[in-house]
Amino acid sequence: LFKVAQAATRVLMLLRNDSISYKNTYALTLPGFKTEIGDAFGQKGVNGMLSPGLDFAFGMVGDGYINKAARNGWLMQNDSNITTPATTSGTEDLQLKMTLEPFKDFKIDVHGSRTTNRSKSIQFMYDGMPSTRSGSFNMTVLTISTAFAGSGNIGNGYASKPFDKFLEYLPIMKDRIEQKYANTVYPFNAGKYAGQKYNPELGGVDMYSGDVMIPAFLAAYSGKNAFSSPLDIFPTIASIMPNWTIKYSGLTKIDWFANHFKSFNINHAYKSVYSVGSYNTYSSYMEYMDDMGFIADVTTGNPIPSSIYNVSTVSINETFSPLIGVDMTLNSGLTAKMEYKKSRALNLSMTSVALTENYSNDIVIGFGYKLKDIELFGAKKIQSATPKSKSRKNSKNKNSKEETKQTQRRVGGVSHDLNIRCDFSYRMQSALNRNIATATTTATSGSTAYKLAMTADYTFSRLLTLSGYLDWQKNVPLVSASAYPTITADFGFSMKFSLTR
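Quantities reported herein were computed from a predicted structural model and do not represent experimental measurements.

Chemist: Would you take a moment to explain helix α3 (residues 64–71) for this structure?
Modeler: For α3, the full list of buried residues reads Tyr65, Ile66, Ala69 and Ala70. Relative to the axis of α3, the buried residues are bounded by an arc of 140° and lie together on one face. Contacts from the buried residues of α3 go to β1 (15–29), α2 (54–57), β4 (86–103) and β5 (106–122). Positioned one or two residues after α3, Gly73 has a phi angle of 75°, which is positive.

Written out as structure tokens, the structure reads:
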């Protein structure tokens, strides 16, 4: 019963700590404000109203304040000298963190985030107050289901299951968006078609627009169903997915490991982030409701369905850093680490209608050792000084703390330690360009890199440190016919003399 209670308590204590951090900032710049500033909270009575208002004084305003100021006659809208638009900017940042410990020495740090940066420019001096929006966005997602799908090779035309799924999702997403416009009418500013029922024959949803490709991209590479996944370009808070870091350090509890290692840690980390680098609004956008409306087709001029946002590129950056890693310290003092890292960067371009994939695989092996108090270059080993005493009786009565101080005094005041470090890494990189319209793929670049780095630091004296290093690198291109293998080697010595110690 005790063991059962112990196990149940461990389950209840699985969550060690968690935190939620939310930050919301807003800034408003409004030129051409013509009323004067008052004394109390900056307020002045104008036509029976407080200007600029208590809501402004206490920072409780939004974009609607510009309309309020215009209605109350506080803005110089008819002044030809006022050409600077009003601007607003805001940031929303949500950070979620949690630490789990399923059992002793096994820790999982889970984290998620969503950050939105937005800005708006409002031409308040013109009728209708035309405005433009811009900003950026990023959020943690979960794309591990396609992380090991492979990118193919030249023999199979760089076949990729996630990319094939993406192409398959495009017409599905297009039809889903078309259904949203089925019973709509063209807005009042749609020219000769204003008020008429939406007609796909005049111009339907573009399959290669961001409204279609971005949801299909997220669904395909996240392993979701095209019929049920969201159609959002900017996923909601509910769509935040976890990333994590895992560490296990309990192997030294086993006798064999305890006899050979002071510490032995196993590490794993996963991170995947969806990003919209930048976006702005269409100048010809005609709003129907919320962010749903029409834009003028560049060829025919007819209104075609579109969201307000013109997004040129989005990306998913996924890293296993490491996928599996081990760092250890042997009883002899030797430290070692071994890591296998894997990363994938997917960049979807609506401008070129292409998907660029960048892959890298890294293997890192490192060793370190510290040789304590050795004789090099004429340096002498340090010796302990024997504490002086007048008599045996006085020696016995010495304070233990003072005796320890005197015993630890060393000739020269420094230990001549030699620190040696050696790291070897292997990296294979490749880049593919996938044309979405033609469903063809070409390899654009790639290389295999080897690197050996060795360093040695020797403490010669309290003021002088000697160092030596060797860096050797070899790069072998994989696909570029114009490039050639290169080898670079650097080595050298240095002396650091300090007068401040």
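Next, the rest of the story.
Chemist: Looking at this structure, I do not really get the packing of helix α4 (residues 161–180) against helix α5 (residues 210–222). What am I missing?
Modeler: Helix-helix packing: each pair is described by the crossing angle between the helix axes and the interaxial distance. Here α4 crosses α5 at 135°, and the two axes come no closer than 8 Å. On the basis of their axis angle, the class for α4 and α5 is oblique. The two elements α4 and α5 cross, and the hand of that crossing is right-handed. Every residue of α5 that contacts α4 at Pro162, Phe163, Lys165, Phe166, Tyr169, Leu170, Met173, Lys174 and Ile177 is listed here: Asp211, Val212, Met213, Pro215, Ala216, Phe217, Ala219, Ala220 and Tyr221.

Chemist: Looking at this structure, how should I read the sheet that holds strand β10 (residues 292–296)?
Modeler: Picture the strands of a sheet paired through backbone hydrogen bonds; they go either parallel or antiparallel. Read from one edge of the open sheet, three strands run β9-β10-β11, paired in antiparallel fashion. Edge positions in the sheet fall to β9 (286–289) and β11 (303–307), since each of these pairs with one other strand and no more. The mean inter-strand angle of the sheet, taken between neighbouring strand axes irrespective of direction, is 35°. Bridge count between β9 and β10: three bridges; the pairing is antiparallel. For Glu287, the partnering residue across the bridge sits in β10 and is Gly293.

Chemist: Got a minute to help me understand the pairing of β11 in this structure?
Modeler: When a strand is regular, its side chains alternate between the sheet's two faces. The element β11 is extensively covered by neighbouring structure, given that five of its five residues are classed as buried. The alternating pattern of β11 places Pro303, Pro305 and Ser307 on one face and Ile304 and Ser306 on the opposite face, and all of these are buried. Judged from the five bridges that link them, β10 and β11 form a sheet pairing that is antiparallel. In the sheet register, Ile295 faces β11, and the bridge partner there is Ile304. Remark: six residues form the turn of the hairpin made by β10 and β11, two consecutive strands paired antiparallel; Gly301 in that turn has positive phi of roughly 80°.

Chemist: So what exactly am I meant to see when it comes to the environment of Leu452 here?
Modeler: Checked against the element boundaries, Leu452 lands in strand β17 (residues 440–459). Counting along the chain gives 166 residues from Leu452 to Met286, while the straight-line C-alpha distance between them is 59 Å. Among residues more than four places away in sequence, those in contact with Leu452 are Cys422, Asp423, Phe424, Leu470, Asp471 and Trp472.

Chemist: Even after reading the chapter, I still don't get the packing of aromatic side chains, so can you show me in this structure?
Modeler: Note on aromatic pairs: each is described by the distance of the centres and the angle between the planes. Under the defined criterion, the tally for this structure stands at 28 aromatic pairs. Between the aromatic rings of Phe103 and Phe106, the centroid separation amounts to 4.9 Å while the plane-to-plane angle is 15°, which identifies the pairing as stacked. Residue classification places Phe103 among the partly exposed residues on the basis of a relative accessible area of 41%. With centroids separated by 5.9 Å and ring planes inclined at 50°, the aromatic side chains of Tyr181 and Tyr198 adopt a geometry described as tilted. In this pair, Tyr181 sits in the loop between α4 and α5 while Tyr198 sits in the loop between α4 and α5, placing the two residues 17 residues apart along the sequence. The two residues Tyr181 and Tyr198 agree in class, both being buried. An aromatic cluster is built from Phe137, Phe234, Tyr274, Tyr279 and Tyr309, whose rings are joined through pairwise contacts.

Chemist: Is there a simple way to think about the side chain of His416 in this case?
Modeler: In this fold, His416 is placed in the loop between α8 (400–407) and β16 (418–435). In terms of polar contacts, His416 uses its side chain to reach the backbone carbonyl oxygen of Phe460, at 2.8 Å.

Chemist: Would you mind going over the pattern of salt bridges with me for this structure?
Modeler: Side chains that carry opposite charge are capable of pairing whenever their charged atoms lie near each other. If you walk through the whole model with that rule in mind, you get twelve salt bridges. The partner of Arg16 in a salt bridge is Glu101, with the nearest N and O atoms 3.6 Å apart. Separated by 85 residues along the polypeptide, Arg16 in strand β1 and Glu101 in strand β4 bring together distant segments of the chain. For Arg16, a relative accessible area of 34% translates into the label partly exposed. Among the ionic pairs, Lys341 bridges to Glu339, the shortest N-O distance being 3.7 Å.

Chemist: Hey, could you run me through the side chain of His268 in this one?
Modeler: Relative to the assigned elements, His268 resides in strand β8 (residues 261–281). Polar contacts involving the side chain of His268 include one to the side chain of Trp244, which spans 3.1 Å. Within the structure, His268 has its side chain in polar contact with the backbone oxygen of Leu323 (distance 2.7 Å). Ignoring sequence-local partners within four residues, the contact set of His268 consists of Trp244, Thr245, Ile246, Phe320, Pro322 and Leu323.

Chemist: Just checking my understanding: could you explain α5 for this structure?
Modeler: The α-helix advances 3.6 residues per turn, and as a result positions three or four apart in sequence lie on the same side. An ideal rise of 1.5 Å per residue puts 18 Å on 13 residues; α5 measures up with 17 Å between its terminal C-alpha atoms. α5 sits mainly inside the fold: 13 of its 13 residues count as buried. Of the residues one or two after α5, Gly223 is the one with positive phi, at around 75°.

The rules behind the values
- Residues numbered from 1 in each chain as written.
- Predicted model: local features only at pLDDT ≥ 70, side-chain atom pairs only at ≥ 80, totals over all residues.
- Heavy atoms only, no water.
- Buried < 20%, exposed > 50% of the residue type's maximum accessible area, 1.4 Å probe, protein only.
- Helix = DSSP H or I, 4+ residues; strand = E, 2+ residues; numbered from the N terminus.
- Arc of directions from axis to C-beta.
- Contact = heavy atoms within 4.5 Å.
- Axes fitted to C-alpha atoms, helices over the stretch in contact; angles between N-to-C directions.
- Parallel < 35°, antiparallel > 145°, perpendicular 65-115°, else oblique.
- Left-handed = near helix turned anticlockwise from the far one by under 90°.
- Pairing = 2+ DSSP bridges.
- Phe/Tyr/Trp six-rings, centres within 6.5 Å; stacked < 30°, edge-to-face > 60°.
- Polar contact = N/O pair within 3.5 Å; in protein donor to acceptor, adjacent residues only side chain to side chain.
- Salt bridge = Lys/Arg side-chain N within 4 Å of Asp/Glu carboxyl O.
- Expected span 1.5 Å × (residues − 1).

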